[in-house]
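Examination of the molecular architecture
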Amino acid sequence: MEKSLRCVSSKAERFCYITRVQSFSACHRLHSKSLSDEENRRIFGKCNNPNGHGHNYKVEVTVQGKIDQNTGMVMNLTDLQQYIEEAIMKPLDHRNLDLDVPYFANTVSTTENLAVYIWDNMVKLLPPNMLYEIKVHETDKNIVVYRGE
């Protein structure tokens, strides 16, 4: 697991961004029920394979906040790791996104929608306004960033 810290200082308080990296494996098929089979093949190409395909995803979860004067932390990284386990690993690791994750029953399992799903799960567990960014690496060349917008 990788971690990174970036801090911004002001006279009164210090503010940091903490990132924890987690990997998981899952398969999916890019296919929209609102499109014909021909349109799906044309738009999604080989990613529309009826048997699906898999990825070893890497997710970066970044939280933000003031450094606590007593603990010296924005948040305990052990807590962040537990939230990631609950919001990402349990529902997604070694799953077929389209068949095993109810969210994707009617939502195309693109990496963009996966980032939104992860955001929605993480934001439920974290203190308000703490989640800053979800970055999903589908491959070394395909990366999606979502900031709740």
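Note that the structure is predicted; figures quoted are calculated from it, not measured.

1. Details of the overall build of the protein
- For the protein, the count of helices and strands is four helices and six strands.
- In the protein, buried positions account for 40% of the 149 residues.
- A sequence separation of at least 24 residues applies to 62% of the contacts in the protein between residues at least 6 apart.
- One finds the centroid of the 18 positive side-chain charges in the protein at a distance of 4 Å from the centroid of its 19 negative side-chain charges.

2. Focus: the pattern of salt bridges
- On inspection of all chains with the given rule, the structure shows three salt bridges.
- For the salt bridge of glutamate 86 with lysine 90, the shortest nitrogen-to-oxygen distance reads 3.0 Å. With a gap of four residues between them, glutamate 86 and lysine 90 both fall in helix H2 (residues 77-92), about one helical turn apart.
- On the accessibility criterion, lysine 90 (45% relative accessible area) is partly exposed.
- Between arginine 147 and glutamate 133 there is a salt bridge, and its shortest N-O distance comes to 2.5 Å. In this pair, arginine 147 sits in the segment after strand S6 (143-146) while glutamate 133 sits in strand S5 (residues 131-137), placing the two residues 14 residues apart along the sequence.
- Residue glutamate 133 is classed as buried on the basis of its relative accessible area of 9%.

3. Concerning the UniProt feature "active site" (unreviewed entry) in the protein
- According to UniProt, the feature "active site" (unreviewed entry) maps to Cys47, His94 and Glu138 in the numbering used here.
- As for its position among the elements, cysteine 47 is in the loop between helix H1 (37-44) and strand S3 (53-66).
- Not counting the four nearest positions on each side in its chain, cysteine 47 is found in contact with Arg29, Leu30 and His53.

Rules and cut-offs
Residues numbered from 1 in each chain as written. Predicted model: local features only at pLDDT ≥ 70, side-chain atom pairs only at ≥ 80, totals over all residues. Heavy atoms only, no water. Helix = DSSP H or I, 4+ residues; strand = E, 2+ residues; numbered from the N terminus. Buried < 20%, exposed > 50% of the residue type's maximum accessible area, 1.4 Å probe, protein only. Contact = heavy atoms within 4.5 Å. Lys, Arg positive; Asp, Glu negative; His and termini not counted. Charge placed at Lys NZ, Arg CZ, Asp CG, Glu CD. Salt bridge = Lys/Arg side-chain N within 4 Å of Asp/Glu carboxyl O. UniProt positions renumbered as here; feature names shortened; annotations may be inferred.

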